[in-house]
Amino acid sequence: MSSSSPASLLDVELRPGRPPMLRVEATGDAPSWAAEHRDALRAVVAEHGSVLVRGLGLRDAAQTGAVFSRLANGLMTEKESFAPRQVYSHGVYSSSKWPQNQPMCMHHELSYTLEFPGLMLFACLSAPTEGGATAVADSQTVLDALPADLTQRFEREGWMLTRSYNEEIGASLAEAFGTDDRGAVENYCHANAIEFEWQPDGGLRTRQRRSAVVRHPVTGRRCWFNQIAFLNEWTMAPEVHEYLVDVYGADGLPFNTRFGNGDPIGENVVELLNKVYEDNTAREPWRDGDLMLVDNVRTAHSREPFEGPREVVVAMAEAVRLADCSPTVEVTAA
């Protein structure tokens with residue numbers, strides 16, 4: 001099925017279970033193509049929440065960064081990352097370094113921060129031999145599919161992210177905060193409503209409470225916007241979970257999520273969240289040179305397990321403040 005409208009001015013393929021796709025002919029000058037079609041592409045994202053552009057022929061990080069800069073306003077510097085990335089240039093990164101046999105389940109990028117990207121940009125320079133799709137799911141559809149009593153509790157209480165920074169698992173203190181200076185880290189935590197506690201070994205533990213449901217800053221749509229399932233201990237593979245608990249203790253996991261009042265989130269809740277995401281997932285295997293734009297508030301994204309080399313370049317853009325999304329939980333920076 002094809003849909004072309006005055007809003008998009010592009011012939012976009014809409015197929016059940018697949019993200020919206022636009023097929024184009026490579027011109028050899030992808031940045032100029034992006035500049036010419038910027039408004040039309042952004043209109044597609046506004047209408048559908050995401051779009052996969054196939055055929056553009058992106059080849060390297062420098063060219064991809066130029067394309068990203070023409071499609072988005074204000075590439076962001078990532079703060080509070082949960083996993084390390086390679087930095088190619090300002091605002092242009094590798095995908096998160098995460099075990100390729102482990103999924104990164106559906107989430108909204110940096111949904112635990114007070115300022116997060118409104119737009120995510122992805123480009124596949126080298127597609128894996130199997131798996132590895134960056135899949136998407138509509139957050140309003142997911143919200144409507146979840147049990148009302150569960151979403152109402154999360155709306156009342158919000159959700160809590162707990163982190164224990166170490167040098168072995170996930171992003172280090174310096175990678176997450178851009179510095180390992182204690183004073184600078186403490187100032188950042190105070191300014192961003194993050195409770196913190198230094199450990200005897202020099203490690204840092206933090207807690208931050210955020211809204212699980214927000215309103216889209218442009219459309220006002222209610223969106224299930226969080227990383228409750230992705231960063232929860234029960235989403236980990238059982239052997240990984242067992243190892244981390246053994247090494248760091250149940251309260252010292254690199255990251256975990258709780259109800260906003262601090263209560264643990266049961267394995268059954270996490271399984272339910274991941275099942276609803278899976279029931280509403282749209283996926284298309286990457287091909288070399290593909291480009292993808294995702295509205296980060298309206299649309300969750302994931303990274304599926306894969307085999308073979310995979311190189312995906314990522315940018316976060318157009319910062320949105322949580323305060324502008326009708327949060328249901330009050331957050332006060334110290």
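Scroll up to find the structure this text is about.
The following refers to the structure shown.

Procedures and definitions
- Residues numbered from 1 in each chain as written.
- Predicted model: local features only at pLDDT ≥ 70, side-chain atom pairs only at ≥ 80, totals over all residues.
- Heavy atoms only, no water.
- Helix = DSSP H or I, 4+ residues; strand = E, 2+ residues; numbered from the N terminus.
- Buried < 20%, exposed > 50% of the residue type's maximum accessible area, 1.4 Å probe, protein only.
- 1 Å grid on protein atoms, 1.4 Å probe; cavity = no way out; pocket = protein on both sides within 12 Å on 5 of 7 lines; lining within 4 Å.
- Points joined across faces, edges and corners; volume = space filled by probe spheres on them.
- Nonpolar A, V, L, I, M, F, W, Y, C, P; charged D, E, K, R; others polar.
- Contact = heavy atoms within 4.5 Å.
- Polar contact = N/O pair within 3.5 Å; in protein donor to acceptor, adjacent residues only side chain to side chain.
- Pairing = 2+ DSSP bridges.
- Salt bridge = Lys/Arg side-chain N within 4 Å of Asp/Glu carboxyl O.
- Axes fitted to C-alpha atoms, helices over the stretch in contact; angles between N-to-C directions.
- Left-handed = near helix turned anticlockwise from the far one by under 90°.

### Quick look at the environment of V67
Okay, step 1: Its location among the elements puts V67 in helix α2 (residues 61–71).
Okay, step 2: Exposure remark for V67: the relative accessible area of 0% places this residue in the buried category.
Okay, step 3: On a C-alpha basis, the gap between V67 and A123 in space is 9.7 Å, while along the polypeptide they are 56 residues apart.

### As for empty space enclosed by the protein
Any empty space left between atoms is shown by rolling a water-sized probe over those atoms.
Okay, step 1: One pass over the full model with this rule turns up 3 cavities of 30 Å³ or more.
Okay, step 2: For the largest cavity, the calculated volume is near 140 Å³.
Okay, step 3: Of all the secondary structure elements, the ones that give two or more residues to the lining of the largest cavity are β7 (104–107), β19 (299–303) and β21 (311–321).
Okay, step 4: In terms of residue class, the lining of the largest cavity is built from 5 nonpolar, 6 polar and 4 charged.
Okay, step 5: Of the pockets and cavities examined, the second largest cavity occupies roughly 50 Å³.
Okay, step 6: Together, F82, R163, S164, Y165, I169, G170, A171, P254 and F255 line the second largest cavity.
Okay, step 7: Here the element with the most residues in the lining of the second largest cavity is strand β11 (residues 159–165); it accounts for 3 residues.

### Comments concerning α2
Okay, step 1: Among all positions in α2, only A61, Q63, T64, G65, V67, F68 and L71 are buried.
Okay, step 2: On its buried side, α2 packs onto α1 (30–48), β5 (87–89), β6 (92–94), β8 (115–126), β18 (291–295) and β21.
Okay, step 3: The N-cap residue of α2 is D60: its side-chain oxygen and the backbone nitrogen of A62 are 3.2 Å apart.

### Here we look at the environment of Q63
Okay, step 1: Tracing the backbone through its elements, the reader meets Q63 in helix α2.
Okay, step 2: Note: C-alpha distance between Q63 and V314 (251 residues apart in sequence) is 13 Å.
Okay, step 3: Residues contacting Q63, with those up to four places away along its chain left out, are A30, P31, G57 and L58.
Okay, step 4: From its side chain, Q63 meets the backbone nitrogen of R59 in a polar contact 2.7 Å long.

### As for the pairing of β19
Okay, step 1: For β19, the buried fraction is high: 5 of the 5 residues fall into the buried class.
Okay, step 2: Here β19 shows a buried face lined by T299, H301 and R303 and a second buried face lined by A300 and S302.
Okay, step 3: Of the pairings in the sheet, the one linking β7 to β19 comprises 2 bridges and is antiparallel in character. Paired with M104 across the bridge in β19 is R303.
Okay, step 4: Sheet analysis places strand β10 (residues 136–138) next to β19, joined by 3 bridges and oriented antiparallel.

### Thoughts on the pattern of salt bridges
Okay, step 1: The tally for this structure, following the rule as stated, stands at 20 salt bridges.
Okay, step 2: The salt bridge partner of D138 is R298, with a shortest N-O separation of 3.3 Å. Highlighted residues: D138 in strand β10 and R298 in the loop between β18 and β19, separated in sequence by 160 residues.
Okay, step 3: Taking the relative accessible area as the measure of exposure, R298 reaches 13% and is therefore buried.
Okay, step 4: As a salt-bridge pair, E304 and R283 come within 2.7 Å of each other at their nearest N and O atoms. Of this pair, E304 sits in the loop between β19 and β20 (306–307) while R283 sits in the loop between β17 (281–282) and β18, and the two are 21 residues apart along the sequence.
Okay, step 5: Under the relative-accessibility criterion, R283 is labelled partly exposed at 28%.
Okay, step 6: Each of E13, R15, R18, R23, R54, E284 and D290 takes part in salt bridges that share partners, so that together they form one network.

### Notes on the packing of α1 against α2
Okay, step 1: Axis separation between α1 and α2 bottoms out at 8 Å; the angle between their running directions is 35 degrees. For the element pair α1 and α2, the recorded crossing hand is right-handed. Contact residues: α1 offers A30, P31, A34, A35, R38, L41 and R42, while α2 offers Q63, A66, V67, R70 and L71.

### Description of the sheet that holds β17
Okay, step 1: Read across the open sheet, the 4 strands follow the order β7-β19-β10-β17; overall the sheet is antiparallel. The open sheet terminates on both sides in strands that have one partner only, identified here as β7 and β17.

### Points about unusual backbone geometry
Okay, step 1: Residue L110 is not a glycine yet carries a positive backbone phi of 55 degrees.
Okay, step 2: With respect to the helices and strands, the residue L110 is situated in the loop between β7 and β8.
Okay, step 3: Backbone geometry places A193, a non-glycine residue, at a positive phi of 55 degrees.
Okay, step 4: As for its position among the elements, A193 is in the loop between α6 (182–191) and β12 (195–198).

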